[in-house]
Amino acid sequence: MFNPTVASITARATLGRRRAVLFAIPAAILIGLTLILRASHPAGGAWPDHVLGDFGFSILLPLTALIIGTGVLGGEIDDGSVVHLLATPVRRAEVIFTKFAVAAALTALFAAVPELIAGLIAPNETKLAFGLFVGAVVGSVVYSAVFVLASVLTTRAIAFGLLYVAIWEGLLSNFVGGVRILSIAHYALGIANAIAPDQNLHAGLGLATSLILAVVVTVGGLYWATRRLEAFSLTGDPA
Amino acid sequence: MTTIEFRNVSRWYGNVVAVNDITMDIGPGVTGLLGPNGAGKSTILHMIAGFLEPSKGTLALDGSPTWKNPDIYRRLGLVPERDSVYAFLTGRQFVLATAKLHKLPDPERAAQWVIGLTEMAEAQDRRISTYSKGMRQRIKVAAALVHNPEILLLDEPFNGLDPRQRLHMMDLLARLGNEGRTILFSSHILEEVERLSGTIQVMVAGRLAASGDFRAIRRLMTSRPHVFRLKTSDDRRLAAALVGRDYTHAVELTSKGLQVRTSDFGAFCEQIAVITRDENIRLTELLPTDESLESVFGYLIAN
Amino acid sequence: MPTETPTGVIHDLGYRRYDGPRFGRQRIVAALAWHSFRSAFGFGRGPKAKIVPVIAFVALLLPAIVNAFAMSQGNARQVDYDTYVPTLRDLIMLVFVAVQAPELVSRDLRSRVLPLYFSRPIKPVDYPLAKYLGFTGACLVMLEVPLLALYGGAVANVHGGSAVWAETKALIPGLLIGLLWAVTLAAISLFLASMTGRRGFATGAVAIAFLLTYTLAEILLQVESLPGSRLGGNAAPSVGIPLAEKVAGLFSPFTLLQGVRLWLGGTNAGDNVPKPGAFGAVYALVLIALVALSLYGLAARYRKARLS
């Protein structure tokens, strides 16, 4: 199911040159911010919740997942080099799964791990840090599946993905209750909250719901993406 | 021995018909797919390569369709027109990766063989982003050949190559064709196609305009009538004078002037000035109206 | 034996020279700016290109519509002209510029058409100027039309000339703030997007630049404004707002804009930015520097008519 050659090419393409800087910056900011705030407010307070939750979880994670997830396959589709990959007998499911795995791993590396580090740096928040780390890993997985799917469905995946992250996740799902089942951030939050219950996380979903939805969305997304990739068409000169 | 069979294949996008009712067989040896831009050549190649589904008709590779069938890639290699390759890899890494993706038993050896074949050995350890256009073409061909396919599809392979590179590419393709492989390449330049291929398929506006030996088709093309449009002080009298000549095919009086179809380009050009002078007609405009490749192909379609 | 020298002749195919009056630079820049303005909303491309701008526009218009409805039921005006709905506006504009700025500049880089533009009688600075004008115009539409809709809805529901005049007096500063926003956001996003020809990469870069800095500033502001969280070792500032809190607002274009607005006399709170008082001059300077640097960078990018 996992193809090392595809993984190696994908990882090199994603981490090459300037791209890696783009998603290393948010992670660096997170850790830097935590360090600065810890130095200036050693007594603690409410700031870890803001930094780890609002910044790390609600913004850093989805944004990093968006850029990486839409890039692993979307970049190749956009410039046409995906043909060289597809003109081989490799099963499309393998391609999708491998790219998804690389995206999830890189997102976890650049978003979940810094989250953990920041959480450990912040005073008295070890349990929360661990909970958020697990939640962020789950979030990385689900986001990656959805964004890889999006990049197969449209060349404008990052635009729609940004709309989703900024508007849907950022605004609506916090205000409108029922909508939370469609918000990946809330799956991750639900899991984090189950491990380290914290009022300030504003998690709306329980553990079971979050897990089930996370699995359903991931598997469904990957399946749909595979079916679409099997029917990949080269229609003349792309716009 | 592999044959690609097209039976009444059509492909459309909404209202635009890209390929219109094509029936042809492509067998071993080198076949050239000739036609002006927009004729549907890329569409044909992409359909054979399994990257487009025919809207109608059947397209089979030795009996099995190519759409949604990744196994065909064991026997088929595609060199796409677009310049896009993994620019951050070196030539060797790219070909080697392709070999591994094809699950070859000895990817290193296959890669080295095909790099030698395309004369890329010197440049193989440089990044593809540093390659010239000709080198990119060659590395794409190398990647398409690494699994020793019976069928090789090339979309405008001579685009952007200088004469020496073109000769070399032709050599390579001729050799591969002589080994019994099925090679299909597309071009809109007749000279390229005729040098290399025994059989040509000519496409115009999605239809198959001509197929067969290129020499026969060439003969057809040089004997086609030329069309001129003239504006004179007395079209009708000139028309009457021209109709009597044996190089005149047809004469038409239109609102835009006199349209003359002639089968003997040279004779007409020599004579027109003489005729107008003798008849005391003032010739104000003389335009050839169909020097384009499209009209040439168009003529082929009509016949 | 005399050798024949080969002769050649150029045939007259009927091409005519045009020696009449031609439009000058201004018309070219105007045409390019208009084209850019249209591209910012996806016009001139297929329907998928219009989805994000249209959604963004409608989303930004909603509060005005809701307000008009609320006012017709007898309530007072819920939304202010100079802040509108801050968080919504920040996020929507962020998405808009992140997705559309690459449409304006990255596409041209990718398809290598710059030599076509620069082989016309324009100066190298005209291209970025036209892009900037077009995009600022687009941002203006996004920002001002909702304000005007708000105004229209309010005026329709109030009675008496003085009430209308009050509404008008409140609208004008709001429009000016909108102008300030448009000028700033267009400059920064175009500059960032012009760095790369890949649309997706550019969108990511702009999104990170705005969203990350915004969240960063917000957190710093919220954290610093909490009671008992003064910066250790700092002398108590005169106005009672810690220096850290004032400085925090400088870290993001959005909070920067709010700070300048407050300094210029705005009254409503927005984005948690405190009234900067005299420090507001620093906000204004930083804002001007940011815009100037962005425009300079944008112009420098196109100084040489490279292919990409």
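Residues numbered from 1 in each chain as written. Chains lettered and ligands numbered in written order. Predicted model: local features only at pLDDT ≥ 70, side-chain atom pairs only at ≥ 80, totals over all residues.

A.B. asks: How do you make sense of the overall build of chain C when you look at a structure like this?
C.D. replies: When helices and strands are counted, chain C shows 10 helices and 0 strands. Across chain C, helices and strands are ordered from the amino to the carboxyl terminus as α-α-α-α-α-α-α-α-α-α. The burial tally for chain C puts 44% of its 308 residues in the buried class. The long-range share in chain C, meaning contacts at least 24 apart out of those at least 6 apart in sequence, stands at 77%. (Helix = DSSP H or I, 4+ residues; strand = E, 2+ residues; numbered from the N terminus. Buried ≥ 20, exposed ≤ 12 C-beta atoms within 10 Å, placed from the backbone. Contact = placed C-beta atoms within 7 Å.)

A.B. asks: What is the right way to read the overall build of chain B from this model?
C.D. replies: The number of helices and strands found in chain B is 10 helices and 14 strands. Taking 303 residues into account, the globule formula puts the C-alpha radius of gyration at 19 Å, and chain B, at 24 Å, lies well above it. Overall size of chain B, expressed as C-alpha extent along the three principal axes, is 80 × 40 × 35 Å. In chain B, which comprises 303 residues, the share counted as buried stands at 40%. When contacts within chain B are restricted to residue pairs at least 6 apart in sequence, those whose partners lie at least 24 apart make up 67%. (Rg over C-alpha atoms; globule rule 2.2 N^0.38 Å.)

A.B. asks: Sorry, what's going on with the interface of chain C and chain A here?
C.D. replies: Interfaces are often sized by the accessible area lost when the parts come together. Taken together, the contacts link 28 residues of chain C with 33 residues of chain A. Only α2 (48–72), α3 (86–110) and α7 (199–225) of chain C provide two or more residues apiece to the side of chain C that touches chain A. With 14 residues, α7 of chain C is the single largest residue contributor to the side of chain C that touches chain A. Of the residues contributing to the side of chain C that touches chain A, the split by class is 20 nonpolar, 7 polar and 1 charged. (Nonpolar A, V, L, I, M, F, W, Y, C, P; charged D, E, K, R; others polar.)

A.B. asks: Whenever I open this one, the environment of T2 of chain B confuses me. Can you help?
C.D. replies: Residues and elements named next belong to chain B. Within the element layout of this structure, T2 appears in the segment before β1 (4–13). In sequence terms T2 and E150 are 148 residues apart; their C-alpha atoms lie 7.2 Å from each other. If we ignore the near neighbours within four places in the chain, the residues touching T2 are L61, D62, R75, E150, I151 and T182.

A.B. asks: What exactly am I supposed to notice about unusual backbone geometry here?
C.D. replies: Glycine aside, the phi torsion of most residues is negative, and most peptide linkages are trans. All names here are of chain B. We note that A205 has phi near 50 degrees; this positive angle belongs to a residue other than glycine. Looking at the secondary structure, you find A205 in the loop between β9 (199–204) and β10 (207–213). With phi around 60 degrees, N280 is a residue other than glycine that occupies positive phi space. Within the secondary structure, N280 is located in the loop between α9 (265–278) and β14 (283–288).

A.B. asks: Please explain the sheet that holds strand β2 (residues 16–26) of chain B as it appears in this structure.
C.D. replies: Two orientations exist for strands paired in a sheet by backbone hydrogen bonds: parallel and antiparallel. All names here are of chain B. One open sheet holds the 4 strands; their spatial order is β2-β1-β4-β5, and the pairing between them is antiparallel. Two strands lie at the open edges of the sheet, namely β2 and β5 (64–65), each paired on one side alone. Bridging between strand β4 (residues 56–61) and β5 involves 2 bridges; their strand directions are antiparallel. Bridge pairing in β5 places L61 opposite S64. On the sheet, helix α1 (residues 41–48) packs against β1, β2 and β4 and is oriented at approximately 120 degrees with respect to β1. (Pairing = 2+ DSSP bridges. Axes fitted to C-alpha atoms, helices over the stretch in contact; angles between N-to-C directions.)

A.B. asks: Would you mind going over helix α1 (residues 4–15) of chain A with me for this structure?
C.D. replies: In an α-helix, one turn spans 3.6 residues; hence positions three or four apart end up facing the same way. In this model, α1 of chain A (12 residues) spans 16 Å end to end at C-alpha, consistent with the 16 Å of a helix rising 1.5 Å per residue. Along α1 of chain A, the positions that sit buried rather than exposed are T5, V6, I9, T10, A13 and T14 of chain A. Taken around the axis of α1 of chain A, the buried residues stretch over an arc of 155 degrees, which confines them to a single face. Along its buried surface, α1 of chain A packs onto α2 (17–40), α3 (47–79), α4 (82–86) and α5 (92–121) of chain A together with α2 (91–101) of chain B. Residue R17 of chain A follows α1 of chain A closely and has a positive phi angle near 45 degrees. (Expected span 1.5 Å × (residues − 1). Arc of directions from axis to C-beta.)

A.B. asks: Hey, could you run me through the nonpolar core in this one?
C.D. replies: Across soluble globular proteins, nonpolar side chains show a tendency to be buried alongside one another. Among the nonpolar cores identified, the biggest contains 238 residues, and V148 and L162 of chain A, V95 and L153 of chain B together with V95, L190 and V206 of chain C are the most heavily contacted of them. What V95 of chain B contacts, discounting residues up to four positions off in sequence, is A111, V114, I115, I139, A142, A143 and V146 of chain B. Grouped together as the second largest cluster of nonpolar side chains are 7 residues, F228, L230, V251 and L258 of chain B included. (Core = buried A, V, L, I, M, F, W, Y, C linked by C-beta atoms within 7 Å.)

A.B. asks: Can you help me understand the packing of helix α6 (residues 126–153) of chain A against helix α8 (residues 184–195) of chain A in this one?
C.D. replies: Residues and elements named next belong to chain A. Contact pair α6 / α8: the axes reach a minimum separation of 8 Å and the direction vectors enclose 155 degrees. Of the possible angle classes, the one that applies to α6 and α8 is roughly antiparallel. At the point where α6 passes α8, the crossing takes the right-handed sense. Residue-level inspection shows F130, G131, L132, V134, G135, A136, V138, G139, V142, Y143 and V146 of α6 in contact with α8, the latter providing I184, A185, Y187, A188, L189, I191, A192 and I195. (Parallel < 35°, antiparallel > 145°, perpendicular 65-115°, else oblique. Left-handed = near helix turned anticlockwise from the far one by under 90°.)

A.B. asks: Explain the sheet that holds strand β3 (residues 29–34) of chain B to me, please; I cannot follow it from the model alone.
C.D. replies: All names here are of chain B. The strand order across the open sheet formed by 6 strands is β6-β7-β8-β3-β9-β10, and the pairing between neighbours is mixed. Each of the sheet's edge strands pairs with one partner strand only, and the pair in question is β6 (76–79) and β10. Averaged over all neighbouring strand pairs, the angle between strand axes comes to 15 degrees, with direction disregarded. When β9 meets β10, the two strands line up antiparallel, connected through 6 bridges. Note that in β10 the partner of T199 across the bridge is D213. Its contacts with the sheet put helix α4 (residues 133–145) on β6 and β7 (151–154), and the angle it makes with β6 is roughly 165 degrees.

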